[in-house]
Amino acid sequence: MPRILIGTSGWHYQSWRGPFFPDGFPIKHQLQYYASQLTTTELNGVFYRTPTPAAVQSWHDQTGKDFVFAWKASKFITHWKRLSGNSANSLALMEDRLALLKRKAGPILFQLPPQFQADIQRLGDFLQMLSPQRRYVFEFRHSSWYTPQVLRLLRDANAALCFSDHHDAPAPWRRTADFVYIRGHGPGGRYKGHYPIATLQHWAARAKAWKRAGADVYVYFDNDQKSAAPADALRLQAMVTTPVVSLRRT
């Protein structure tokens, strides 16, 4: 059955202690608490460094059987090698770690740098390198990528265009895969501030419609300043799980 999974980009933020994590809660148990409140998280730290096998195994073991981890691909792939053929070793290392998550491994996010302009040939060649066993998402930070040719490439590979509102290049909400992936960077796309209720209600309505159409929906809040992300994630989660009540006159 399709699912709507809502979480945040990362969970290990000192400022969340008190507003989200209970005061005095042991840091080593934060993931367990997080997983008791939300259904998924986007692993953001793995973008900067490859985690040890022991760390990945620990993430798997601390969460329930239906919890899902999205994986933000290493900057070696997106920023240094820029989706080139030289990414093969980094992709293999990422796959080695993902395998430890087993069924909890969710989509893999490739977040490109804002200076990386559209290169259709390179994107097409890179898509050919990816294992068909995974789900892939591309967050572009330069508006030149939002063309019919790029969207067609993604669609043919069943790869998702990330619905991102980042200030560098907000994305059109154009579905290209059998799942949907949303990244909320905060109002204005600058990692701070709570989303208005009307915005969250709109997202909830769209998510429910995609779910009815058979698509899984992943939503991650990245407005981490002042604990806005977990608060917005919990509000949206409540909206998508609240059943619609039909009022009948008697």
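Scroll up to find the structure.
Bear in mind the structure is a predicted one, so any value in this text is a computation, not a measurement.

Enquirer: Can you help me understand the pattern of salt bridges in this one?
Expert: Opposite charge on two side chains allows them to pair when their charged atoms are near. This model, assessed by the stated rule, comprises nine salt bridges. With a shortest N-O distance of 2.6 Å, Glu-42 and Arg-183 are connected by a salt bridge. Of the two residues, Glu-42 is situated in strand S2 (residues 40-43) and Arg-183 in strand S8 (residues 179-184); the sequence distance between them amounts to 141 residues. Per residue, the accessibility class of Glu-42 equals that of Arg-183, and both read buried. The salt bridge involving Asp-178 is made with Arg-135; its shortest N-O contact spans 3.8 Å. Of this pair, Asp-178 sits in the loop between strand S7 (163-164) and S8 while Arg-135 is found in the loop between helix H5 (120-129) and strand S5 (136-139), placing the two residues 43 residues apart along the sequence. Through salt bridges with shared partners, a single network forms among Glu-42, Glu-139, Arg-141 and Arg-183.

Enquirer: Can you walk me through unusual backbone geometry in this structure?
Expert: What you tend to see is this: most non-glycine residues have negative phi, and most peptide bonds are trans. Positive phi values are uncommon outside glycine, yet Arg-82 reaches one of about 50°. Examined against the element boundaries, Arg-82 turns out to sit in the loop between helix H3 (75-80) and helix H4 (88-101). Exposure remark for Arg-82: the relative accessible area of 27% places this residue in the partly exposed category. The residue Tyr-191 is not glycine, and still its phi comes out positive at about 70°.

Enquirer: What am I meant to see in the sheet that holds strand S9 (residues 216-221) here?
Expert: Neighbouring strands of a sheet are bound in pairs by backbone hydrogen bonds; such pairs are parallel or else antiparallel. Strand order in the open sheet formed by nine strands is S6-S5-S4-S3-S2-S1-S9-S8-S7, and the pairing between neighbours is parallel. Since the sheet does not close on itself, it has two edges, and those belong to strand S6 (160-161) and S7, each with one partner. Pairing of strand S4 (residues 105-111) with S5, which is carried by four bridges, proceeds in the parallel orientation. Counterpart to Gln-111 in the pairing with S5 is Glu-139. Each of strand S1 (4-9) and S9 is contacted by helix H8 (residues 228-241), which is oriented at about 175° to S1, the strand it contacts most.

The rules behind the values
- Residues numbered from 1 in each chain as written.
- Predicted model: local features only at pLDDT ≥ 70, side-chain atom pairs only at ≥ 80, totals over all residues.
- Heavy atoms only, no water.
- Salt bridge = Lys/Arg side-chain N within 4 Å of Asp/Glu carboxyl O.
- Helix = DSSP H or I, 4+ residues; strand = E, 2+ residues; numbered from the N terminus.
- Buried < 20%, exposed > 50% of the residue type's maximum accessible area, 1.4 Å probe, protein only.
- Pairing = 2+ DSSP bridges.
- Contact = heavy atoms within 4.5 Å.
- Axes fitted to C-alpha atoms, helices over the stretch in contact; angles between N-to-C directions.

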